Amino acid sequence: MKHLTKVFGNDPKRAISLLEQGWTKERIAKETKLTVGVNRVSLSIEPGEIFVIMGLSGSGKSTLVRLFNRLIEPTAGEVLVNGQNVVQLRPEELRQLRRKTMSMIFQKFALFPHRTVLQNVEYGLEVQGMGKEERKQLATQALELVGLAGYADSRPDELSGGMQQRVGLARGLATAPDILLMDEAFSALDPLIRKDMQDELLELQTRMKKTIIFITHDLAEALRIGDRIALMKDGAVVQIGTPEEILMNPANAYVARFVEDVDFSKVLTAAHVMIRAETITLDRGPRVALQLMIDRGISNLYVVDKARQLMGVITAEDASAAIKSGHTLEAVLIRDVPIVSPETVLSELFDVVSSTKIPVAVIDDRQRLVGIIIRGAVLGALSGFPEDETGDKP
């Protein structure tokens, strides 16, 4: 998006020069009776990321997302998708974009009550003119993706709110779009169902790798699912960053007020606080291990194999004892090491970190060591201080 702008009212173009002169949204409304919905937004969204646009009611977030596929016509600016300017597309080209490239899922499920679940999911494919058997096959696959394979013949009113939203999600996925636009898609759901749908979306994303643009007014939701977040106020984007950047480095007082009540322990993860682990392989011997610990001012080393898969921990005390007794590193290797995944939130780390004498190992899904967590790093993150100011060492 480049300088994307939407002004509502008669002769909206005259507001563009006023915005460039520094007029505020309020001044323009008062003196020209024009309403600035989106104010010169420029941003780039990467393939395969969940990009969250959030803000309070009236901030312009829903208007902005509707400019992407021209459900609302922009007053000025560009929307480039793979180099193609959506703003300049002719009607038939725009229809193709909406059918195949960019699908939208709304807060209100908008399901047809007279159609079955399968027929609702087939709808976008039917509009494309796809044959009955092919669209049935693709719609069935989409229902399987969202866990509703057994409800194909049900009617929407026979499903719970969360299940109806899954049908809406399946309908959006059935056309295999590159981009999913989700406008407050989970806002109408009860809190527990909403959390389940967030989990469902994250799980689906690990398999689909779609580009998802998600609109919400809920900061906790944005922090939970977003790879990056754009925070809006009065039609303008005031900050773009990762959840950690938004929390730890708010751009201004408005953003700071937005995040001041956030429980960091339920948002920040092990990946945010882990540090590099000092490692060694078993073939190096206890003397090398002890010397490495002395040189680096640490009290333990993590033993890994050639694929960086964790095998255990060697402490300075055990390495010294092995030297005196003539034992190998393997003989004194501590194999019972506390481990967590990079996605583990800090609130789930407290018991583990407080009850172990050695730093917690962070392991990816291939059992590779990607970092370690020291107690001071957790406390430092929760208090807002950088990890290297805690004074703790592994």
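Look up a bit, the structure's there.
Residues numbered from 1 in each chain as written. Predicted model: local features only at pLDDT ≥ 70, side-chain atom pairs only at ≥ 80, totals over all residues. Heavy atoms only, no water.

1. Focus: the pattern of salt bridges
This is how it is decided: The term salt bridge refers to a side-chain nitrogen of Lys or Arg lying within 4 Å of a carboxyl oxygen of Asp or Glu. Only protein chains enter the accessibility calculation, which uses a 1.4 Å probe; a residue whose area is less than 20% of its type maximum is buried, one above 50% is exposed, and one in between is partly exposed.
Scanning the model with the defined rule gives 19 salt bridges in all. The salt bridge partner of Arg 14 is Asp 11, with a shortest N-O separation of 3.8 Å. Relative accessible area serves as the criterion here: at 39%, Arg 14 is assigned to the partly exposed category. Overall, the relative accessible area of 48% leaves Asp 11 in the partly exposed class. Taken together, the shared-partner salt bridges connect Lys 195, Asp 199 and Arg 224 into one network.

2. Notes on the nonpolar core
A general trend in soluble globular proteins is that nonpolar side chains are found buried together. Stated formally: Only buried Ala, Val, Leu, Ile, Met, Phe, Trp, Tyr and Cys residues count toward a nonpolar core, and they belong to the same one when joined by side-chain atoms within 4.5 Å. Numbering of helices and strands starts at the N terminus; helices are DSSP runs of H or I of at least 4 residues and strands are runs of E of at least 2. When checking whether two residues touch, look at their non-hydrogen atoms; a contact exists if any pair is within 4.5 Å.
Counting residues in each nonpolar core, the largest one holds 62 residues, and the members touching the most others are Leu 169, Met 182 and Ile 373. When residues of this core are assigned to their parent elements, the largest contribution, 6 residues, is made by helix H7 (residues 161-174). Each residue touching Leu 169, except ones within four places of it in the same chain, is listed here: Ile 105, Val 146, Leu 180, Met 182, Met 197 and Leu 204.

3. Considerations on helix H4 (residues 91-101)
The following threshold applies: Note: the arc covers the axis-to-C-beta directions of the helix.
Of all the positions in H4, only Leu 94, Leu 97 and Thr 101 are classed as buried. Down the axis of H4, the buried set is contained in an arc of 80°. They therefore lie on one face. Where H4 is buried, its residues contact strand S5 (80-81), strand S7 (102-106) and strand S8 (179-183).

4. Looking at the pairing of strand S1 (residues 2-8)
Rules: When DSSP finds at least two bridges between two strands, those strands are taken to pair.
Relative to strand S4 (residues 76-78), S1 is paired through 2 bridges, and the arrangement is antiparallel. Bridging from a neighbouring strand, Lys 2 pairs with Glu 78 of S4. Here 4 bridges tie S1 to strand S2 (residues 35-41), and the two strands are oriented antiparallel to one another. Within S2, the position partnered with Phe 8 by the bridge is Thr 35.

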